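Residue-level listing of the chains:
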Amino acid sequence: MAARPETARKLLLYWMDAAVGLLGLLMVTLTLVHATAGRISPLNATTTIVCLLGFFGLFPFLLRDAYDARPDRPTPKLLIATVFAAVAVALVPHQPLQDTPSWLEMGVLWLSAAALYVPLAVTFCLGVGVVGLVSGYIVAISDRTWPDVLIPEAISAVVMTAAMLLWRWLWWTIRDAHDSKEAKARLAVSEERLRFARDLHDLLGHSLSVISLKSELAAKLATKDAERAADEMGQVHRLAGDALTEVQQAVHGYRTLDLDEELTGARAALEAAGARCLIDARADNLSPSARTLLAWAVREGATNVLKHSTATRCAITIDGGVLEMLNDGVPEQPPVPGNGLRGLSERLATAGGSFSAEPTPSGEFLLRAEVPT
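Everything numeric in this text was worked out from a predicted model, so none of it was measured. (Residues numbered from 1 in each chain as written. Predicted model: local features only at pLDDT ≥ 70, side-chain atom pairs only at ≥ 80, totals over all residues. Heavy atoms only, no water.)

A. View of the overall build of the protein chain. Scanning the protein chain from terminus to terminus reveals 10 helices and five strands. Relative to its 373 residues, the protein chain shows a buried fraction of 40%. Relative to all contacts within the protein chain whose residues are 6 or more apart in sequence, the contacts with residues 24 or more apart total 71%. When the accessible area of the protein chain is evaluated, it comes to approximately 19,900 Å², of which 64% is carbon and sulfur surface. (Helix = DSSP H or I, 4+ residues; strand = E, 2+ residues; numbered from the N terminus. Buried < 20%, exposed > 50% of the residue type's maximum accessible area, 1.4 Å probe, protein only. Contact = heavy atoms within 4.5 Å. Areas by Shrake-Rupley, 256 points an atom, 1.4 Å probe, with all protein chains shown as cover.)

Shown next as structure tokens:
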């Protein structure tokens, strides 16, 4: 993919290099013809050829600088090319008349290069000046009339300058489109990484919290009730296996949560921690995506209660796409929302829902999530 815009750039630049190179070869040949015919001295011919080689040698660099960046002012290369072009036009005789159009193109070619470095208004002013000066110079040293010189010179200046700007605009469009596509790809990768990190936190945060509580309970029961301790450790083993399975599903992008299972799991985890759990769920008419979102909210809400509260009672209510989890275990200094709650908020916001988690005036803590039905 990265080679495509670069290939387009090379095609555009090489095409213009070839066209300019042919024009430069023509002008050098005309200079040699004038020198052979005795219309220009060897010194002037040598100086002219040096200026031509300098101008046409700098031209590809002027194009590449203008294509790779967005210059807003003339550069030393452009100023040097200006001197080369002016000297070449001034030294070469403009007779016979059939040679004149070729030399007029020197000024137009310089103008098209300058247009890449200055604003459009400045380009217009430069165009008027170049066309006027070159036309006046030709009329003054030859027997041609103003209309014969000015009209073709003006048309040539407009066409060549417009073509040069159009070529650069085409390259910038190709490059910007490619950059935009790459930026979208990078953004998609970043979003997928964020989603995976959020999902992994939600999955492991809940499972590890329950495993920690059950392991602690089993350790306390080990000397008092060995049978119950063994049962608790069996549940820890199953939870660890379930967590491993969920992580593997998340890695492969096929992870889904069942709302009923999450409600049952939340009740078991909260009651194991000593909190009475009341559930009133009316979610049969919800879409599968809405049920999945609420399942994530139930999981994160239960994890939050287990980790950050001393709740003795937790009520879970689901009605019409709205989940409310209310518990009475608000700490004296509520903790700053962690990655889990932030991830849940982002997940719901992305799906077009809403989320809040804050203490209530009655001294309880309310987690509220609303999802599109």
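B. How the structure looks around helix α9 (residues 288-308). When the terminal C-alpha atoms of α9 are compared, their 30 Å separation across 21 residues agrees well with the 30 Å that a helix rising 1.5 Å per residue should span. A large share of α9 lies buried, amounting to 16 of its 21 residues. (Expected span 1.5 Å × (residues − 1).)

C. Just the UniProt feature "transmembrane region" (unreviewed entry) in the protein chain, in detail. The positions UniProt marks with the feature "transmembrane region" (unreviewed entry) are residues 12-37, 43-63, 75-94, 114-138 and 150-172. Annotation note: span residues 114-138, helix share 80%, strand share 0%, distance between end C-alpha atoms 22 Å. (UniProt positions renumbered as here; feature names shortened; annotations may be inferred.)

D. Examining the pattern of salt bridges more closely. With the rule as written, the count across this model stands at 10 salt bridges. Arg64 is the partner of Asp17 in a salt bridge, and the nearest nitrogen-oxygen pair spans 2.7 Å. A residue pair is termed long-range when its members are at least 10 positions apart, and Asp17 in helix α1 (residues 3-36) and Arg64 in helix α2 (residues 42-68) qualify at 47 residues. With a shortest N-O distance of 2.8 Å, Arg313 and Glu364 are connected by a salt bridge. (Salt bridge = Lys/Arg side-chain N within 4 Å of Asp/Glu carboxyl O.)

E. Inspection of the pairing of strand β4 (residues 354-359) at higher detail. As defined by bridge partners, β4 adjoins strand β5 (residues 365-370) across six bridges and the pair is classed as antiparallel. When the sheet's bridge partners are listed, Pro359 is paired in β5 with Phe365. Between the antiparallel neighbours β4 and β5 lie five residues, among them Gly363 with a positive phi of about 90°. (Pairing = 2+ DSSP bridges.)

F. Geometry of the sheet that holds strand β3 (residues 322-327). One open sheet accounts for five strands, arranged β1-β2-β3-β5-β4; its pairing is mixed. Of all strands in the sheet, those bounded by a partner on one side alone are β1 (276-282) and β4. The sheet shows a mean angle of 5° between the axes of neighbouring strands, taken without regard to direction. Pairing geometry for β3 and β5, over six bridges, is antiparallel. What sits directly across from Leu323, in β5, is Ala369. Relative to the sheet, helix α8 (residues 259-272) contacts β1 and β2 (313-319), its axis offset from that of β1 by approximately 165°. Strands in contact with α9 are β2, β3 and β5; relative to β3, the strand with the most contacts, it is inclined by about 10°. (Axes fitted to C-alpha atoms, helices over the stretch in contact; angles between N-to-C directions.)

G. The arrangement of the packing of aromatic side chains in detail. Across all of its chains, the model carries three aromatic pairs by this definition. Taking the centre distance of 5.2 Å and the plane angle of 35° together, the rings of Trp15 and Trp167 count as tilted. One end of the pair, Trp15, is in helix α1; the other, Trp167, is in helix α6 (residues 146-221), with 152 residues separating them in the sequence. Centre to centre, the rings of Phe55 and Phe59 are 5.9 Å apart; their planes meet at 55°, and the pair counts as tilted. Of this pair, Phe55 and Phe59 are both found in helix α2, four residues apart, which corresponds to roughly one turn of the helix. Taken together, the ring pairs connect Phe55, Phe56 and Phe59 into an aromatic cluster. Cation over ring: Arg347 sits above Trp296, and NZ or CZ is 4.2 Å from the ring centre. (Phe/Tyr/Trp six-rings, centres within 6.5 Å; stacked < 30°, edge-to-face > 60°. Lys NZ or Arg CZ within 6 Å of the ring centre and 35° of its normal.)

H. Just the environment of Lys10, in detail. Among the structural elements, Lys10 can be located in helix α1. Classification of Lys10 as partly exposed rests on a relative accessible area of 37%. Expressed as a C-alpha distance, the spacing of Lys10 and Arg64, which sit 54 residues apart in the sequence, is 9.8 Å.

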